[in-house]
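One-letter residues, chain by chain:
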Amino acid sequence: MQRSVYFDYNATTPLDAAVREAMLPFLGDVWGNPSSVHHVGRKARALLDDARDRAAKFLGAKPSEIIFTSGGTESNNLAVLGTARMLKPKGKHIITSAVEHHAVLHCFDYLEKREGFEVMRLPVDAQGHVSPEDLKRALRNDTVLVSVMAANNEIGTLQPVAELGTICRERGVIFHTDAVQWFGKEPLESVLQFNADLVSVCAHKFHGPKGAGLLWIKSPLHPEPILLGGSHENERRAGTENLSGIAGLVCALEKFVKPPVFDSSKLKPLALKLRAAIEKIEGCKLASPQEGYLTNTVAFTVDGADSIALLSGLDVEGICASSGSACSAGSIEPSHVIVAIGRKASANSLVRFSLGRENTIEDVNLVCGALPEIVKRVRSKR
């Protein structure tokens with residue numbers, strides 16, 4: 001039987017067995033609607049309140065600042081759309097970076113095209129880093145929102161979000177960070193370390209369930225809801241709460257974020273070996289930074305090849321990888337991140353390996369052995 005190597009942990013992680021166990025009561029005995037006033041509903045409400053208290057304690061926040069969502073995309077949408085619309089009377093200038101996840105970029109595009117906002121997209125250097133000085137120069141008196149991710153999902157760049165947040169705070173500008181790829185991979189003391197007003201989190205990136213996330217909203221900020229209906233989640237997010245998903249999210253937070261489940265002491269030597277092997281292959285060029293990056297992420301481009309052919313070749317050998325954002329699977333659009341770091345010519349050939357807790361040196365050896373022939377075969381067909 002062919003060995004399967006999963007190198008796509010930035011896309012999703014397997015649901016942990018203990019997290020699954022924490023979810024099971026909410027798929028059986030606890031089935032009430034937390035908004036119902038009878039005893040079945042009150043039981044569900046009490047457990048929802050307990051989950052919110054636990055999440056808040058873990059993050060160093062207030063329970064009223066925790067808004068449970070369906071995942072990273074919704075958290076980002078609520079943060080960007082809800083905050084911009086709330087602050088529109090104060091100004092229509094908003095700022096993001098050129099390398100954000102599409103769940104942020106598409107919100108800025110929508111606000112620009114449909115709602116009259118003026119968008120500044122900050123450039124990045126060849127390593128994918130946003131310059132704090134560029135942010136300072138971009139801020140205006142009518143700037144109301146800045147959104148810059150904590151860690152890039154495609155090439156792994158870590159942004160100086162705490163410094164960017166400080167700059168925004170000094171100017172009285174709301175700052176949001178998409179921390180979906182940070183949680184479980186980088187150290188976390190509290191949600192306050194980002195110096196942000198809004199922070200997005202997604203459970204399935206650290207062995208929690210899909211369809212569950214949260215948005216931390218610093219009090220007293222109150223973005224306009226993007227889902228309309230009932231007064232759930234302190235009137236910020238309409239819809240009956242997904243109790244099983246919330247239970248899994250909170251369990252995963254408590255188990256896998258402090259310390260990070262992506263153990264850098266284990267993953268760094270594996271990733272370094274991958275990097276060294278990739279650099280030796282003709283036509284391959286690393287896209288991940290040399291410093292200031294997620295330890296588990298190794299992204300590269302291949303001259304004279306395209307991502308779909310490369311990923312297909314890897315899959316035939318049992319190797320699961322990605323061309324960047326899993327949300328863009330099957331897309332023939334070039335990677336906007338690779339374009340932003342100044343390598344437009346190779347933007348169609350991005351491959352991302354992202355390692356996780358189940359990976360071993362045997363996995364890395366298998367990939368290092370198979371990759372040169374895969375690249376050679378794909379390039380020869382061009």
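Every residue gets a number counted from 1 within its own chain, in the order that chain's sequence is written. The predicted nature of this model means local features are confined to residues of pLDDT at least 70 and side-chain atom pairs, given and counted, to a pLDDT of 80 or more, with totals for whole chains, interfaces and linings taken over all residues. The side-chain values count all of the structure's non-hydrogen atoms but skip hydrogen atoms and water molecules.

A. Inspection of the overall build of the protein chain at higher detail. Scanning the protein chain for helices and strands turns up twelve helices and twelve strands. In summary, the protein chain has a C-alpha radius of gyration of 21 Å against a globular reference of 21 Å for 382 residues, a match within 12%. Taking the principal axes of the C-alpha coordinates as reference, the protein chain spans close to 65 × 55 × 35 Å. The burial tally for the protein chain puts 56% of its 382 residues in the buried class. Only heavy atoms matter for contacts: two residues are in contact if any of them lie within 4.5 Å across the pair. Of the contacts formed within the protein chain by residues at least 6 apart in sequence, a portion of 75% connects residues at least 24 apart. Reported accessibility uses the Shrake-Rupley method at a 1.4 Å probe radius. Residues are deemed covered only where the shown protein chains occlude them. Accessible surface, the protein chain: about 15,900 Å² in total, of which carbon and sulfur atoms supply 53%. Starting at the N terminus, helices and strands are each numbered in turn, a helix being any DSSP run of H or I of at least four residues and a strand any DSSP run of E of at least two. What the globule rule says is 2.2 Å times the number of residues to the power 0.38, and the radius of gyration is computed from C-alpha atoms. Note on exposure labels: buried denotes an accessible area under 20% of the residue type's maximum, exposed denotes more than 50%, and partly exposed covers the range between, all computed with a 1.4 Å probe on protein chains only.

B. Seen up close, the pairing of strand β12 (residues 350-354). Taken across its five residues, β12 has five buried, putting it largely inside the fold. Residue alternation in β12 divides its side chains into two sets, Leu 350, Arg 352 and Ser 354 and Val 351 and Phe 353, and both sets are buried. Here, strands pair whenever DSSP counts at least two bridges between them. The pairing of strand β10 (residues 297-302) with β12 spans five bridges and is classified as antiparallel. When the bridges of β12 are listed, Thr 297 appears paired with Ser 354.

C. Seen up close, the packing of helix α2 (residues 39-59) against helix α8 (residues 243-256). Axes here refer to lines fitted to C-alpha atoms; in helices the fit is confined to the stretch in contact. Angles between the N-to-C directions go from 0 to 180 degrees. Following both chains from N to C, one finds α2 and α8 inclined at 30 degrees, their axes separated by 10 Å at the closest point. Between α2 and α8, the interaxial angle falls into the category roughly parallel. The chirality of how α2 crosses α8 is left-handed. Side by side, α2 and α8 meet where Ala 44, Leu 48, Ala 51, Arg 54, Ala 55 and Phe 58 of the first sit next to Leu 243, Ile 246, Val 250, Cys 251, Leu 253 and Glu 254 of the second. Orientation labels follow simple angle bins: below 35 degrees gives roughly parallel, above 145 gives roughly antiparallel, 65 to 115 gives roughly perpendicular, and whatever is left gives oblique. What makes a crossing left-handed is the near helix being turned counterclockwise from the far one by less than a right angle; a clockwise turn instead makes it right-handed.

D. Fine view of the packing of aromatic side chains. Centres within 6.5 Å make a pair out of two Phe, Tyr or Trp rings, where for Trp the six-membered ring is used; the pair is then stacked when the planes are under 30 degrees apart, edge-to-face when over 60, and tilted otherwise. Applying the stated criterion across every chain, the model contains seven aromatic pairs. For the ring pair Phe 7 and Phe 353, a centre distance of 5.5 Å and an interplane angle of 65 degrees mean the geometry is edge-to-face. Of this pair, Phe 7 sits in the loop between β1 (5-6) and α1 (17-23) while Phe 353 sits in strand β12, and the two are 346 residues apart along the sequence. Look at Phe 353 and you get buried, because its relative accessible area is 0%. With centroids separated by 5.5 Å and ring planes inclined at 80 degrees, the aromatic side chains of Trp 182 and Phe 194 adopt a geometry described as edge-to-face. In this pair, Trp 182 sits in the loop between β6 (174-178) and β7 (198-202) while Phe 194 sits in the loop between β6 and β7, placing the two residues twelve residues apart along the sequence. For Phe 194, a relative accessible area of 1% corresponds to the buried category. We call a charge positioned above a ring when the Lys NZ or Arg CZ atom is no farther than 6 Å from the ring centre and deviates by at most 35 degrees from the ring normal. Between the NZ or CZ atom of Lys 185 and the centre of the ring of Phe 262, over which it lies, the distance is 4.6 Å. Above the ring of Phe 58, the side-chain terminus of Lys 258 is found at 4.5 Å from the ring centroid.

E. Region of interest: the pairing of strand β4 (residues 118-122). Two elements, strand β3 (residues 93-97) and β4, share five bridges in a ladder whose sense is parallel. Its bridge partner being in β4, His 93 is matched across the sheet by Glu 118. Since β3 and β4 lie parallel, the crossover through helix α4 (residues 102-114) that links them has a hand, and here it is right-handed. Every crossover in which the path from the first strand over the helix to the second runs clockwise, viewed with the strands pointing away from the viewer, is termed right-handed.

F. Structural context of helix α9 (residues 264-279). In a helix, the anticipated span is given by 1.5 Å times the number of residues less one. With 16 residues, α9 ought to run about 22 Å at 1.5 Å a step, and its terminal C-alpha atoms sit 21 Å apart, in line with that. Taken together, the buried positions of α9 are occupied by Leu 267, Leu 270, Ala 271, Leu 274, Arg 275, Ala 277 and Ile 278. Taken down its axis, α9 places every buried residue within 165 degrees of arc, on the same side. Facing away from the buried surface of α9 by more than 90 degrees, the exposed residues are Ser 265 and Glu 279. The reported arc concerns the directions from the helix axis to the C-beta atoms and nothing else.

G. Looking closely at α4. Here α4 contains 13 residues, and its C-alpha end-to-end distance of 17 Å stays within 8% of the 18 Å for a straight helix at 1.5 Å per residue. Within the span of α4, buried status applies to Ala 103, Val 104, Leu 105, Cys 107, Phe 108 and Leu 111. Residues of α4 that are buried make contact with α3 (72-87), β3, β4, β5 (143-147), β6 and α11 (336-340). Downstream of α4 by a residue or two, Gly 116 has a phi angle that is positive, lying close to 80 degrees.

H. Inspection of the environment of Ser 231 at higher detail. Residue placement: Ser 231 occurs in the loop between β8 (213-217) and α7 (232-235). We classify Ser 231 as exposed; its relative accessible area is 54%. Note: C-alpha distance between Ser 231 and Ser 35 (196 residues apart in sequence) is 9.4 Å.

I. Inspection of empty space enclosed by the protein at higher detail. Residues are called lining when one of their atoms sits within 4 Å of a cavity or pocket point, these points coming from a 1 Å grid over the protein atoms alone, where a cavity is a set in which a 1.4 Å probe fits but cannot get out and a pocket is an open set with protein on both sides within 12 Å along at least five of seven lines. Grid points are joined across faces, edges and corners, and a volume is the space filled by probe spheres set on the points. Applying the stated criterion across every chain yields a total of one cavity of 30 Å³ or more. Taken as a whole, the largest cavity holds about 40 Å³ of empty space. Of the residues in the lining of the largest cavity, the class split is three nonpolar, three polar and two charged. Each residue gets one label: Ala, Val, Leu, Ile, Met, Phe, Trp, Tyr, Cys and Pro are nonpolar, Asp, Glu, Lys and Arg are charged, and the others, such as Gly, are polar.

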